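This is what each chain is made of:
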Amino acid sequence: LSVRISTNNFKTGAVLPAAWLSARLKMPLEMDFVHASRYAGATEGGEIDFRVPPRLNLQDQDVLIVDDIYDIGLTLEMIEDYCHSRHARSVNSAVLVRKIHDRPTTGKLPRFIGLDVEDKYIFGCGMDAYEHWRHLDEIRALEEEAAEQVPVDPVEDETPSAVDSSRRSNRNMA
C-alpha cells in the first residue's frame, strides 16, 4: 500500500501536522503540497486562493489530505474536489483541529480529527497569528481584544495575548 499525502498550505499551516503524521506512518508514501488559503494574513476567511495544485499524478492513488484546521470546510472541499477531478482512487482528510461553532459548514467532516476547540482565533502548531507564531509547539487562542489589534512586531519576543497557553496539541492523530 502506498499513500500520497497532500499537505495544504505547504509553507504555512499543514507542515507541522503533516510532518508529525508522516513520521508515524510505516509504509511507503509520497508527499506533495497544495498551497490554498482563505485567510491571506487576516483573522477571517475570504475568497479561496488556490495558489499551487498538487504536482504528483493522482490517478488511481489513495490520497490523504492533511490540513491544520477545519473551520467551515471550504478550502478542504476545494482540494478534495481537485483530487477527485484528477481521478484519485480515494480521497480522505485529516486535520489537527476542528473548530466547534454554529456557522454553516460544507457538511463534510474530515475523516480524522486531532482535537476539537472553541470558536476562537487559534495559533501555534502550524497555525499563525498575523503570519507569525506557527512554530509554537502548543495551541493558543487570541483574546478578542488581541484579535482586533495591530499585528504583533515579529522582532519582539512576545507572543500575542493568549486565552489558554497551556493546552498542548494532540500529536497522536493517527
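Keep in mind it's a predicted model, so treat the numbers as computed, not measured. (Residues numbered from 1 in each chain as written. Predicted model: local features only at pLDDT ≥ 70, side-chain atom pairs only at ≥ 80, totals over all residues. Heavy atoms only, no water.)

## A few points about the overall build of the protein
A count of helices and strands for the protein gives three helices and eight strands. Along its sequence from the N terminus, the protein presents helices and strands in the succession β-α-β-β-β-α-β-β-β-β-α. Split into buried and exposed, the 174 residues of the protein put 46% on the buried side. Relative to all contacts within the protein whose residues are 6 or more apart in sequence, the contacts with residues 24 or more apart total 60%. Carbon and sulfur atoms make up 48% of the accessible area of the protein, which amounts to about 9300 Å² in all. (Helix = DSSP H or I, 4+ residues; strand = E, 2+ residues; numbered from the N terminus. Buried < 20%, exposed > 50% of the residue type's maximum accessible area, 1.4 Å probe, protein only. Contact = heavy atoms within 4.5 Å. Areas by Shrake-Rupley, 256 points an atom, 1.4 Å probe, with all protein chains shown as cover.)

## Re helix H2 (residues 74–85)
The end-to-end C-alpha distance of H2, which contains 12 residues, comes to 16 Å, matching closely the 16 Å that a straight helix rising 1.5 Å per residue would cover. Within H2, burial applies to Thr75, Leu76, Ile79, Glu80, Tyr82 and Cys83. Buried positions in H2, seen along its axis, are confined to an arc of 155° and lie on one side of it. Looking one or two residues past H2, His87 carries a phi angle of roughly 65°, positive in sign. (Expected span 1.5 Å × (residues − 1). Arc of directions from axis to C-beta.)

## A word on the side chain of Asp128
Structurally, the position occupied by Asp128 is in the loop between strand E7 (122–123) and strand E8 (140–141). Here Asp128 falls in the buried class, since its relative accessible area comes to 13%. At 3.4 Å, the side chain of Asp128 forms a polar contact with the backbone nitrogen of Tyr130. At 3.2 Å, the side chain of Asp128 and the side chain of Arg134 are in polar contact. (Polar contact = N/O pair within 3.5 Å; in protein donor to acceptor, adjacent residues only side chain to side chain.)

## Here's the deal with the nonpolar core
In terms of nonpolar packing, the biggest core is built from 12 residues, these being Val34, Ala36, Leu58, Val63, Ile65, Tyr70, Leu76, Ile79, Cys83, Ala88, Val91 and Val95. Residue assignment for this core shows that the elements contributing at least two residues are strand E2 (29–37), strand E4 (62–70), H2 and strand E5 (90–99). Beyond its immediate sequence surroundings of up to four residues, Val91 is in contact with Val63, Ile65, Glu80, Cys83 and His84. Within the second largest apolar cluster, 11 residues are counted, among which are Leu96, Val97, Val117 and Met127. (Core = buried A, V, L, I, M, F, W, Y, C linked by side-chain atoms within 4.5 Å.)

## Concerning the side chain of Asp62
Residue placement: Asp62 occurs in strand E4. Looking at Asp62, its side chain comes within polar contact range of the side chain of Arg89, at 3.2 Å. Side chain to side chain, Asp62 and Ser90 meet in a polar contact 2.6 Å long.

## Brief notes about the environment of Ala19
Among the secondary structure elements, Ala19 is positioned in helix H1 (residues 15–24). Ala19 sits 12 residues away from Met31 along the chain, and the two C-alpha atoms are 9.9 Å apart.

## Let's talk about the pattern of salt bridges
Summed over all chains, the structure comprises 10 salt bridges. In this structure, the salt-bridge partner of Lys108 is Glu80, at a minimum N-O distance of 3.2 Å. Pair noted here: Lys108 is in the loop between E5 and strand E6 (112–117) and Glu80 is in helix H2, with a separation of 28 residues, a long-range link. A relative accessible area of 44% places Lys108 in the partly exposed class. Look at Glu80 and you get buried, because its relative accessible area is 5%. (Salt bridge = Lys/Arg side-chain N within 4 Å of Asp/Glu carboxyl O.)

## Thoughts on the environment of Asp68
Checked against the element boundaries, Asp68 lands in strand E4. What makes Asp68 buried here is its relative accessible area of 7%. When the C-alpha atoms of Asp68 and Val95 are compared, they prove to be 5.3 Å apart, with 27 residues separating the residues in sequence. When residues no more than four places from it in sequence are discounted, the contact partners of Asp68 are Gly13, Ala14, Pro17, Val95, Leu96, Val97, Gly126 and Met127.

## Observations concerning the confidence of the model for the protein
Per-residue confidence for the protein gives a mean pLDDT of 78; residues scoring 70 or more make up 70%. The low-confidence segment residues 152–157 (pLDDT under 50) makes seven contacts with residues lying over four places distant or belonging to another chain. Low pLDDT, under 50, characterises residues 163–174; the stretch is placed with 31 contacts to residues that sit more than four places away or in other chains. (pLDDT = per-residue confidence, 0-100.)

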